[in-house]
Amino acid sequence: MILHKGEILFRQGDTGPLYHLHKGLLKIVRIQEDGNAYLVNLIVPGETIPHHSLISPGPCFGTAIALTKCEIEVIPSTAWYHALSEQPAKYRDIALLLQNKVRMMQERMDQMTETHPAERLRRLQGWLEGYLAPEKMTDVLTQSEIGQLIGLRRETVNRLLRAGTSEVQEPDL
């Protein structure tokens with residue numbers, strides 16, 4: 001299946017199939033009770049989602065939205081869980097997939113714990129470049145979303161982007 005930029009793959013609370021992302025980039029947005037949306041995750045090629053439903057079914061934690069044109073394989077949940085029961089070795093594949101996601105999240109935490117805001121932004125740009133080129137990070141993410149990913153206010157992200165992420169070393173208050 002092809003999903004174009006801005007199209008929704010699934011919504012928060014939905015249940016249904018699993019999806020394997022072959023090409024493109026997805027964002028997972030969590031809608032709070034007050035209606036505010038928060039970017040909680042980025043999905044890169046090679047991932048099967050929703051992660052929390054890889055072993056047993058459950059409602060989707062957030063809404064998946066295409067950041068770029070995506071090529072996605074739809075995996076019917078009945079077939080997925082049946083294959084798990086018939087082939088217990090698949091649990092190892094799931095463990096490796098989740099291990100890779102944990103490592104990616106650790107890398108993102110390293111970006112967030114960098115003390116200098118400009119360096120946080122540079123590290124995120126460098127990481128995303130491998131998935132977005134030739135597009136830029138600001139072509140697919142808002143300043144608020146960038147801030148949510150690296151623990152900065154939108155205003156700070158704006159200032160850093162305008163400065164070209166030069167050596168701005170002021171703390172984010």
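Scroll up a little and you will see the structure.
Overview of the structure. None of these values were measured; they are calculated from a predicted model.

What the chain contains, in helices and strands, is six helices and eight strands. Taking 16 Å as the expected radius of gyration for a compact globule of 173 residues, we find that the chain reaches 17 Å, a close match to that expectation. Its C-alpha atoms give the chain principal-axis dimensions of about 55 × 35 × 30 Å. The long-range fraction of contacts in the chain, counting pairs at least 24 apart against all pairs at least 6 apart in sequence, stands at 69%. Summed over its atoms, the accessible surface of the chain is roughly 9,400 Å², and 53% of this surface lies on carbon and sulfur atoms. If the 19 positive side-chain charges of the chain are averaged to one point and the 21 negative ones to another, these points end up 2 Å apart.

Side chains of strand β7 (residues 63–66) alternate between two faces, with Thr63 and Ile65 and Ala64 and Ala66 buried alike. Here two bridges tie strand β2 (residues 8–10) to β7, and the two strands are oriented antiparallel to one another. Bridge pairing in β7 places isoleucine 8 opposite isoleucine 65. Of the pairings in the sheet, the one linking strand β4 (residues 26–31) to β7 comprises four bridges and is antiparallel in character. Following the sheet pairing, lysine 27 is matched in β7 by isoleucine 65.

In the segment running from isoleucine 49 into proline 50, the intervening peptide bond is cis, with an omega of -5 degrees. With respect to the helices and strands, proline 50 occurs in the loop between β6 (48–49) and β7.

Let us now look at the sheet that holds strand β3 (residues 18–23). Pairing is antiparallel across the open sheet formed by four strands, whose spatial order is β1-β8-β3-β6. At either end of the open sheet lies a strand with only one pairing partner, and these are β1 (2–3) and β6.

In the sheet, β4 pairs with strand β5 (residues 37–43) via six bridges, with the strands oriented antiparallel. Paired with arginine 30 across the bridge in β5 is tyrosine 38. Where β4 folds back on β5, the antiparallel hairpin that results is connected by five residues, among which glycine 35 adopts a positive phi of roughly 95 degrees.

Scoring rules and cut-offs
- Residues numbered from 1 in each chain as written.
- Predicted model: local features only at pLDDT ≥ 70, side-chain atom pairs only at ≥ 80, totals over all residues.
- Heavy atoms only, no water.
- Helix = DSSP H or I, 4+ residues; strand = E, 2+ residues; numbered from the N terminus.
- Rg over C-alpha atoms; globule rule 2.2 N^0.38 Å.
- Contact = heavy atoms within 4.5 Å.
- Areas by Shrake-Rupley, 256 points an atom, 1.4 Å probe, with all protein chains shown as cover.
- Lys, Arg positive; Asp, Glu negative; His and termini not counted.
- Charge placed at Lys NZ, Arg CZ, Asp CG, Glu CD.
- Buried < 20%, exposed > 50% of the residue type's maximum accessible area, 1.4 Å probe, protein only.
- Pairing = 2+ DSSP bridges.

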